[in-house]
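What the coordinates show
Residue strings, one per chain:
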Number of protein chains: 2
Amino acid sequence: MKLDDAAARLEALGNPTRLKIYRTLVRAGAEGLPVGRLQAKLDAAASTLSHHLKALVVVGLVTQTREGTTLVCHANYDVMRELLGYMVEECCAEGSCAPVVLPKVA
Amino acid sequence: MKLDDAAARLEALGNPTRLKIYRTLVRAGAEGLPVGRLQAKLDAAASTLSHHLKALVVVGLVTQTREGTTLVCHANYDVMRELLGYMVEECCAEGSCAPVVLPKVA
DNA sequence: ATAGTATTTCTAATATTCTAGAAATACCGT
DNA sequence: ACGGTATTTCTAGAATATTAGAAATACTAT
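Quick look at the structure, then. (Residues numbered from 1 in each chain as written. Chains lettered and ligands numbered in written order. Predicted model: local features only at pLDDT ≥ 70, side-chain atom pairs only at ≥ 80, totals over all residues. Heavy atoms only, no water.)

1. Quick word on the protein's contact with DNA strand C
Surrounding DNA strand C, one finds 20 residues, the nearest of these being Arg18 and His52 of chain A together with Gly36, Thr69 and Leu71 of chain B. Counted by atom, the contact set of DNA strand C within 4 Å of the protein is 69% sugar and phosphate. Contacts to DNA strand C include Thr69 of chain B, whose side-chain N or O atom sits 2.9 Å from a sugar or linking oxygen. Of all the secondary structure elements, the ones that give two or more residues to the surface near DNA strand C are α4 (46-58) of chain A together with α3 (35-42), α4 (46-58) and β3 (70-75) of chain B. Looking at the surface near DNA strand C residue by residue, the classes come out as 4 nonpolar, 12 polar and 4 charged. (Near = heavy atom within 4 Å. Polar contact = N/O pair within 3.5 Å; in protein donor to acceptor, adjacent residues only side chain to side chain. Helix = DSSP H or I, 4+ residues; strand = E, 2+ residues; numbered from the N terminus. Nonpolar A, V, L, I, M, F, W, Y, C, P; charged D, E, K, R; others polar.)

2. A closer look at the environment of Gln64 of chain A
All names here are of chain A. Residue placement: Gln64 occurs in strand β2 (residues 62-67). Residue classification places Gln64 among the partly exposed residues on the basis of a relative accessible area of 33%. Along the backbone, Gln64 and His74 are 10 residues apart, and their C-alpha atoms lie at a distance of 6.1 Å. (Buried < 20%, exposed > 50% of the residue type's maximum accessible area, 1.4 Å probe, protein only.)

3. Brief notes about helix α5 (residues 77-91) of chain B
Residue and element names in this part refer to chain B. Taking 1.5 Å of rise per residue, 15 residues should cover 21 Å, and α5 covers 20 Å from first to last C-alpha, within 8% of that figure. Within α5, 11 of the 15 residues are buried, leaving the element largely enclosed by the surrounding structure. Tyr77, Val79, Met80, Leu83, Leu84, Gly85, Tyr86, Met87, Val88, Glu90 and Cys91 are the residues of α5 that are buried. Regarding α5, its N-cap is Asn76, as a side-chain oxygen of that residue lies 3.1 Å from the backbone nitrogen of Asp78 further along. (Expected span 1.5 Å × (residues − 1).)

4. Brief notes about the pattern of salt bridges
Under the criterion given, the structure shown has 8 salt bridges over all chains. The salt bridge involving Arg23 of chain A is made with Glu90 of chain B; its shortest N-O contact spans 3.3 Å. Of this pair, Arg23 of chain A sits in helix α2 (residues 16-28) while Glu90 of chain B sits in helix α5, placing the two residues on different chains. Arg27 of chain A is the partner of Glu90 of chain B in a salt bridge, and the nearest nitrogen-oxygen pair spans 2.7 Å. Placement of Glu90 of chain B in helix α5 and of Arg27 of chain A in helix α2 is noted, with the two residues assigned to different chains. The class for Glu90 of chain B is buried, based on a relative accessible area of 19%. Salt bridges here are not isolated pairs; linked through shared partners, they connect Arg23 and Arg27 of chain A together with Glu90 of chain B. (Salt bridge = Lys/Arg side-chain N within 4 Å of Asp/Glu carboxyl O.)

Structure, rendered in structure tokens:
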């Protein structure tokens, strides 16, 4: 991942509402959560939520799949993993800041 | 760490210039880097750099120690570690997004 | 005290973000 | 085709961020 991509993703997560959205989607697990359900949980205006969701989708942290009339949102773990990998590799000194370790994934 | 603190730190890192600053400080290692040296490396106006550095200092990601007339900047690994810990715990699903593992630090 | 280097604060212009109402679009069931 | 629910896009106002020049401050050496 390039620095600019990492920055864009960090910026996407760097807003309390969007971080709440992402965390909520992670907790929703594999089945995801419809936009409407997110809206109810976070108590935000529909247009505001849509705006923030788009910011997360654009950088790849969230994906959406349509199921009839509802749009189901999913946290994209692959992108989050890449982002964390970037941070550990580029923004941590070995030993100093690495209680977070990347094991070799087979 | 609370969600709002995490968001503030992610936002601080979510700007290409500031992410570059932070990464450069990490690479500078324990001795840190004077503001002036950072300025030369990143080729930014002094006032702009100072502004961005302040954003990183305010959220605790960077610390500064004065050495005579120069201010030396250091990446604060503790805060980065906390931030990564937050992301792994709150924003990852076990198994799905956890190539990043938190080992117990003795 | 003065001069010189390092850095910040002040200021202002431009750009971007955030918020949410209103209107538009997407999809389904009948 | 129509009505209803779900969601987005349009729009606009207020707030915040970004940039950098100019002035101010901090410190050291003489």
